[in-house]
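Here are the chains, one letter per residue:
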Amino acid sequence: MAKKSLAETGGSKSTSATSAEAEVFSLSASVAEMEAMAKKLRRHIVTMVGKAGSGHPGGSLSAVEIVTALYFKLMRHKPLDPQWPDRDRFILSKGHAAPLLYATLAECGYFPVEELLTLRQMDSRLQGHTDRTITPGVEMSSGSLGQGLSFALGAALAGRIDGQDYHVYVLLGDGECNEGQVWEAAMATAHYNVDNLTAIVDNNGQQIDGWNCDVMSLDPFAGKWQAFGWKVIEVDGHSIPQLIDAFKEAQKVKGQPTVIIAHTVKGKGVSFMENNPDFHGKAPNAIEIELALKELE
Ligand SMILES: Cc1ncc(C[n+]2csc(CCOP(=O)(O)OP(=O)(O)O)c2C)c(N)n1
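A brief structural summary. Note that the structure is a prediction, hence the values are computed from the model and not measured.

The full set close to the ligand counts 18 residues, and Lys94, His96, Gly143, Gly175 and Lys266 are the nearest of them. For the ligand, an oxygen atom lies 3.0 Å from a polar atom in the side chain of Asn204. In the environment of the ligand, an oxygen atom lies 2.9 Å from a nitrogen or oxygen atom belonging to the backbone of Gln206. In the complex, 78% of the free accessible area of the ligand, which totals 590 Å², lies under the protein chains. Judged by the fraction of its atoms near the pocket grid, the ligand is located in the largest pocket. Within the shell around the ligand, the residues separate by chemical class into two nonpolar, 10 polar and six charged.

Structural data, given as structure tokens:
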């Protein structure tokens, strides 16, 4: 079966049924197409959080390019068969960025784009934090921070034991790295020489109510990961080419795990949300939605 192009994906099709014949998602998108997709995802985030009247725009907007590069260029996946055993896994550890994941899954064709407007409604499949039991394509129920790297390690070890060649990607927040469990998992991942797992930290410098350096400093951040036995790559987290190069470099690292520290801006793309902790967990009002969408034209 022919693979679908980026232009053909997303939109209207319903994907409730899985199929052994489901197509592998095409990863042929150009950088320009992915940049256009990133803008589209930002518009979805603003619109859906605005309509819901609650949610987390800041940390969703900061990770857009990271998730775009993964779903549209790197990961082997089948939107019509979300449980395909050979799929690469994406674990959203910072589960409050659910709007970004939902928008991406919808654009890939896991479920209809129109469903995004049901975010946070009663009986919607798209709850404020991810729920793997109800949303096609969601690998882990998250929202309680600190657990995703442990979950990802389990998935990576399972792949190794089963002789499968899938890769596990896990997205963490930098504020989330205040959680002790992250470092227990980091220690274990290196101890077991796990190299089919790549962690990405959305290093936007902020967390729920301000700058990390004021709440709980993580410095020296790269040095901590290195000391735990990880290969560290640092990139501009809004540069799709840099992200793609980093992911490809990580795939070549053997015998140890890799973390990509992606330097980002919280609220990226909407001037009044950028570096503004007020928009960590607050929805834009009607005027702000209009302004934001204008900036994202
Ligand atoms: C265990 C746990 N403690 C506290 C919270 C509340 N909380 C939600 S988001 C957040 C800040 C997370 O910061 P970061 O990981 O940097 O996310 P980002 O800035 O990328 O949105 C906190 C403390 C939580 N969800 N889980």
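Right, picking up where we left off after that structure.
Right, let's talk about the nonpolar core for a bit. Among the nonpolar cores identified, the biggest contains 59 residues, and Leu70, Tyr71, Phe90 and Phe247 are the most heavily contacted of them. Setting aside chain neighbours within four positions, we find Tyr71 in contact with Phe25, Leu27, His77, Phe90, Leu101, Thr104, Leu105, Cys108, Tyr110 and Gly137. Of all hydrophobic cores here, the second largest spans 29 residues; its members include Leu153, Val182, Ala199 and Trp230.

Moving on, we come to empty space enclosed by the protein. According to the stated counting rule, one finds one cavity of 30 Å³ or more in the structure shown. Empty space within the largest cavity amounts to approximately 90 Å³. Lining of the largest cavity is provided by 13 residues; of these, His77, Arg87, Asp88, Tyr110 and Glu139 occupy positions nearest its centre. Of the residues assigned to the lining of the largest cavity, the class counts are five nonpolar, two polar and six charged.

To continue, consider the pairing of strand E3 (residues 197-203). Counting buried residues in E3 gives seven out of seven residues, a clear majority hidden from the surface. Bridging between strand E2 (residues 168-173) and E3 involves six bridges; their strand directions are parallel. The residue of E3 that forms the bridge with Tyr169 is Thr198. As for the winding sense of the linkage, the β-α-β connection from E2 through helix H6 (residues 180-191) to E3 is right-handed. Summarising the sheet, E3 and strand E7 (residues 258-263) pair through six bridges and their orientation is parallel. Residue Ala199 lies in a different strand from E7, and its bridge partner there is Val259.

Before going further, it helps to examine the packing of helix H1 (residues 31-52) against helix H3 (residues 64-74). Packing of H1 against H3 leaves a shortest axis separation of 10 Å and a crossing angle of 125°. Our classification of the angle between H1 and H3 gives oblique. The way H1 lies across H3 gives a crossing that is right-handed. In this structure, H1 uses Met34, Met37, Ala38, Leu41, Arg42 and Ile45 to contact H3, whose residues at the interface are Val64, Glu65, Thr68, Ala69, Phe72 and Lys73.

With 13 residues, helix H9 (residues 240-252) should cover 18 Å at 1.5 Å per step; its first-to-last C-alpha distance of 19 Å lies within 8% of that length. Listing the buried residues of H9 in full gives Ile240, Leu243, Ile244, Ala246, Phe247 and Ala250. One side of H9 carries all its buried residues, which in axial view fall inside an arc of 160°. Those residues of H9 that are exposed and aimed more than 90 degrees away from the buried face are Asp245 and Lys252.

We now examine the packing of aromatic side chains. Under the defined criterion, the tally for this structure stands at nine aromatic pairs. Where Trp183 meets Phe228, the ring centres are 5.2 Å apart and the plane angle is 50°; that geometry is what we call tilted. Here Phe228 lies in the loop between helix H8 (221-227) and strand E6 (231-236) and Trp183 lies in helix H6, a separation of 45 residues in the sequence. Centroid distance Trp225 to Trp230: 4.9 Å. Interplanar angle 70°. Geometry classified as edge-to-face. There is no split in this pair, since Trp225 and Trp230 are both buried. Among the aromatic residues, those joined into a cluster by ring pairs are Trp183, Phe221, Trp225, Phe228 and Trp230.

What counts, and at which threshold
- Residues numbered from 1 in each chain as written.
- Predicted model: local features only at pLDDT ≥ 70, side-chain atom pairs only at ≥ 80, totals over all residues.
- Heavy atoms only, no water.
- Near = heavy atom within 4 Å.
- Polar contact = N/O pair within 3.5 Å; in protein donor to acceptor, adjacent residues only side chain to side chain.
- Areas by Shrake-Rupley, 256 points an atom, 1.4 Å probe, with all protein chains shown as cover.
- 1 Å grid on protein atoms, 1.4 Å probe; cavity = no way out; pocket = protein on both sides within 12 Å on 5 of 7 lines; lining within 4 Å.
- Sits in = over half its atoms within 2 Å of the grid points.
- Nonpolar A, V, L, I, M, F, W, Y, C, P; charged D, E, K, R; others polar.
- Core = buried A, V, L, I, M, F, W, Y, C linked by side-chain atoms within 4.5 Å.
- Buried < 20%, exposed > 50% of the residue type's maximum accessible area, 1.4 Å probe, protein only.
- Contact = heavy atoms within 4.5 Å.
- Points joined across faces, edges and corners; volume = space filled by probe spheres on them.
- Helix = DSSP H or I, 4+ residues; strand = E, 2+ residues; numbered from the N terminus.
- Pairing = 2+ DSSP bridges.
- Right-handed = clockwise from strand over helix to strand, strands pointing away.
- Axes fitted to C-alpha atoms, helices over the stretch in contact; angles between N-to-C directions.
- Parallel < 35°, antiparallel > 145°, perpendicular 65-115°, else oblique.
- Left-handed = near helix turned anticlockwise from the far one by under 90°.
- Expected span 1.5 Å × (residues − 1).
- Arc of directions from axis to C-beta.
- Phe/Tyr/Trp six-rings, centres within 6.5 Å; stacked < 30°, edge-to-face > 60°.

Nothing here speaks to function; it is all geometry.
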